[in-house]
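A closer look at the structure
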Amino acid sequence: MTTQKIPLAAVIGHPIAHSKSPLIHSYWLKQHGLSGHYIPMDVKPEHLESVLRGLHTMGFVGANVTIPHKERALEIADQVTDRATLIGAANTLIFHEDGKILADNTDGYGFIQNLRQNAPDWDAAAGPAVVLGAGGAARAIVASLLDAGAPQILISNRTRVRAEQLRDDFGARLKVVEWVQAGTLMEEAATLVNTTSLGMTGKPDLKVSLEGLQPGTLVTDLVYAPLRTPLLEVAAEKGCVTVDGLGMLLHQAAPGFERWFGPRPEVTDDLRQMVLA
Ligand code: NAP
């Protein structure tokens, strides 16, 4: 009889049925011939703390947390990485042997790795980055762009005060621009990132003027349903380098998998096709 423990991990959200994370991790577990499991868990906000505290005793080595738990998980954790503190949210939790919870955020890592893989000539330091949106995801994008060397970030959000909060938190390399004037930023953008939900299936279109976009600008969209958003279509017609948002989702999962199950997994075209199907 073997006494070897089978490692378990979960993605915790509310709701959770839509999550693609179980597909991604199950694919890697099978690919590496590992005996772990990764499951979706629908947990109400009022139960989050008791669930997180109990998982370790049931053999869980970690978890991803998603909407609406990303901020609360940070408060519950016993240790928090610098980048999760900076972003103000967690997406990856590691349960130590003694039951202590470490919270990390790998969204910014996933964002940058996606660009490095799909636009290898992209250089964050080449010029200003224009960031549309200032919601939860935008914080990770801003942190990672600054870290990657973007000289300036021009940020525009419908609700201006949220963009101002980011500038206050991340400093003088950020400049806030009125939402109605976002179109005027396109000409100077070396990098353009849509972090709003606009353009997503079932949501309104992104109506910001893209007239001024220059050929060669790196344009990426966090929205990945549809995969080729209207923003990416227009940008490609203008000669921009375009990268869709699915790769970010895949790459942000890799550090968690490595911490919980051992091998560093790869983001391959085969994985992309499996998740899309
Ligand atoms: P969030 O916190 O709810 O933020 C939503 C953002 O969209 C805010 O900036 C919001 O502006 C803006 N917005 C929504 N409706 C708008 C409208 N009608 N007009 C103008 N702006 C509008 O959401 P999030 O967590 O940051 O996620 C944003 C998007 O990124 C979602 O589509 C999500 O699926 C995607 N995402 C993708 C990945 C990936 O791995 N590819 C990872 C994370 C998120 P206000 O502040 O004015 O409301």
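Residues numbered from 1 in each chain as written. Predicted model: local features only at pLDDT ≥ 70, side-chain atom pairs only at ≥ 80, totals over all residues. Heavy atoms only, no water.

1. Side note on the packing of aromatic side chains
Selection rule: Only Phe, Tyr and Trp rings take part, Trp by its six-membered ring, and two of them pair if their centres are within 6.5 Å. Stacked means planes under 30 degrees apart, edge-to-face means over 60, and tilted covers everything else. Helical segments are the DSSP runs of H or I of at least four residues, strand segments are the runs of E of at least two, and each set is numbered from the N terminus. Relative accessible area decides the class of each residue, using a 1.4 Å probe on protein chains only: under 20% of the type maximum gives buried, over 50% gives exposed, and in between gives partly exposed.
All chains considered together, the criterion is met by 4 aromatic pairs. Ring geometry for Phe-257 versus Phe-261: centroids 5.0 Å apart, planes at 55°, classification tilted. In this pair, Phe-257 and Phe-261 both sit in helix α9 (residues 246-261), 4 residues apart, roughly one turn of the helix. Note on Phe-257: relative accessible area 0%, which makes it buried. With centroids separated by 6.3 Å and ring planes inclined at 85°, the aromatic side chains of Trp-260 and Phe-261 adopt a geometry described as edge-to-face. The pair formed by Trp-260 and Phe-261 is uniform in burial state, with each residue classed as buried.

2. A look at the site of the ligand
Counted only if it meets this: Being near a molecule or strand, for a residue, means having at least one of its heavy atoms within 4 Å of it. Polar contacts, as used here, are pairs of N or O atoms within 3.5 Å; protein pairs need one atom able to donate a hydrogen and one able to accept it. Residues neighboring in sequence count only if both atoms are side-chain atoms. Residue exposure ignores everything except the shown protein chains as possible cover, and the areas themselves are Shrake-Rupley values with a 1.4 Å probe. In this analysis a 1.4 Å probe is tested at points of a 1 Å grid over the protein atoms alone, and where it fits but cannot get out there is a cavity; an open set with protein on both sides within 12 Å along at least five of seven lines is a pocket; lining residues have an atom within 4 Å of a point. A molecule is said to be in a cavity or pocket once over half of its atoms fall within 2 Å of that pocket's grid points. In the scheme used here, Gly and all other residues not listed as nonpolar or charged are polar, with Ala, Val, Leu, Ile, Met, Phe, Trp, Tyr, Cys and Pro taken as nonpolar and Asp, Glu, Lys and Arg as charged.
Taken together, 21 residues surround the ligand, and among them Ala-137, Asn-157, Arg-158, Thr-159 and Arg-162 come closest. A distance of 3.4 Å separates an oxygen atom of the ligand from a polar backbone atom of Ser-197. Between the ligand and Leu-222 there is a distance of 3.0 Å, counted from a nitrogen atom to a backbone nitrogen or oxygen. For the ligand, whose unbound accessible area comes to 920 Å², protein coverage reaches 76%. The cavity where the ligand resides is the largest pocket. Across the shell around the ligand, the residue classes tally to 10 nonpolar, 9 polar and 2 charged.

3. Considering the domain arrangement of the chain
Which entries qualify depends on this criterion: Residue ranges for the domains trace back to a domain assignment, done automatically or taken from a database. Whether two residues are in contact is decided by their heavy atoms, any of which lying within 4.5 Å being enough. Buried area is calculated as the accessible area (1.4 Å probe) missing from two parts once they are joined, with the contributions of both summed. Every case where a carboxyl oxygen of Asp or Glu lies within 4 Å of a side-chain nitrogen of Lys or Arg is listed as a salt bridge.
Here the chain is described as being made up of domain 1 (8-105 + 252-276) and domain 2 (108-244). One C-alpha centre belongs to domain 1, the other to domain 2; they are set 26 Å apart. On the side of domain 2, 11 residues touch domain 1, which itself brings 11 residues to the contact. For the pair domain 1 and domain 2, the summed buried surface comes to about 910 Å²; carbon and sulfur atoms form 55% of the total. Three residues, Leu-86, Ile-87 and Arg-272, lead the burial of domain 1 against domain 2; their summed loss comes to 47% of the area buried on that side. The interface formed by domain 1 and domain 2 includes 1 salt bridge. Its salt-bridge partner being Asp-244, residue Arg-272 comes within 2.8 Å of it at the nearest N-O pair. Our enumeration of links across domain 1 and domain 2 arrives at 4 residue pairs in polar contact (both at pLDDT 80 or more). For the side of domain 1 that touches domain 2, the secondary structure elements donating two or more residues are α4 (82-87), α9 and α10 (269-276).

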